[in-house]
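# Remarks on the overall topology
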Amino acid sequence: MNKENYRIGHGYDVHRLESGRRFIIGGIEIDHNKGAVGHSDADVVIHVICDSILGAISEDDIGKHFPDTDNKYKGIDSKKLLSKIMMLLKEKNYIINNIDVTILLERPKLRNHINKMIEILSEIMNINKNKLSIKATTTEGLGFIGREEGVAAHCITLLKKK
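The model shown is predicted, which means the values in this text are computed figures rather than measured ones. (Residues numbered from 1 in each chain as written. Predicted model: local features only at pLDDT ≥ 70, side-chain atom pairs only at ≥ 80, totals over all residues. Heavy atoms only, no water.)

Looking now at unusual backbone geometry. In terms of backbone geometry, most residues other than glycine have negative phi values and most peptide bonds are trans. Here the bond from Arg-107 into Pro-108 is cis, since omega is 5°, no more than 30 degrees from zero. Relative to the helices and strands, Pro-108 resides in the loop between β5 (94–104) and α4 (114–125). Of note in this structure, Glu-140 is not a glycine but carries a positive phi near 55°. Here Glu-140 lies in the loop between β6 (132–137) and α5 (143–146). Despite not being glycine, Glu-148 shows a phi value in the positive range, around 60°. (Helix = DSSP H or I, 4+ residues; strand = E, 2+ residues; numbered from the N terminus.)

Laid out in structure tokens, this is it:
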């Protein structure tokens, strides 16, 4: 087996939470009294997926491809960014083997929203749902996440050559 047939990438993102903002996460909107702040829709899950894919194909990061200094990305739906990353992945002749996302968020609890996130994101990426794992955890009240000041996520993606 040629080790160049597989590539792994890691993504990490964090967004501040503010009252009165829409909370978009994993491609869906969740009713909550706070939402994430960012140049785009601040979808931390999609951002880490994009960064992990870009890292695996050595294409820098989401900020290079969709800079926050470019007004055409102001408030953009991050699902559109993920679609563009998927086109780049196809150009590089790789496919997704699997993706594993961990969300760090004190509230709201996400358990009842995870399946919808997987459904929407796997469709955008044109992968089987069993290739995408999304899970959420708290920080047991510790740090900025525990104080409900922010949300963070990690992602690892394994790609394989077509």
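Compared with the 20 Å implied by 1.5 Å per residue over 14 residues, the 20 Å span of helix α3 (residues 78–91) between its first and last C-alpha is a close match. Turning to α3, its buried residues number three or more, namely Ser-78, Leu-81, Leu-82, Ile-85, Met-86, Leu-88 and Leu-89. Looking down the long axis of α3, one finds its buried residues gathered within 160° of arc, a one-sided arrangement. Exposed residues lying more than 90 degrees from the buried face of α3 are Lys-80, Met-87, Lys-90 and Glu-91. Considering only its buried residues, α3 is in contact with α1 (44–56), α2 (62–65), β5, α4 and β7 (150–161). A distance of 2.9 Å separates the backbone nitrogen of Lys-79 from a side-chain oxygen at the start of α3, and that oxygen is part of Asp-77. In the stretch just after α3, Asn-93 is the one whose phi turns positive, near 70°. (Expected span 1.5 Å × (residues − 1). Buried < 20%, exposed > 50% of the residue type's maximum accessible area, 1.4 Å probe, protein only. Arc of directions from axis to C-beta. Contact = heavy atoms within 4.5 Å. Polar contact = N/O pair within 3.5 Å; in protein donor to acceptor, adjacent residues only side chain to side chain.)

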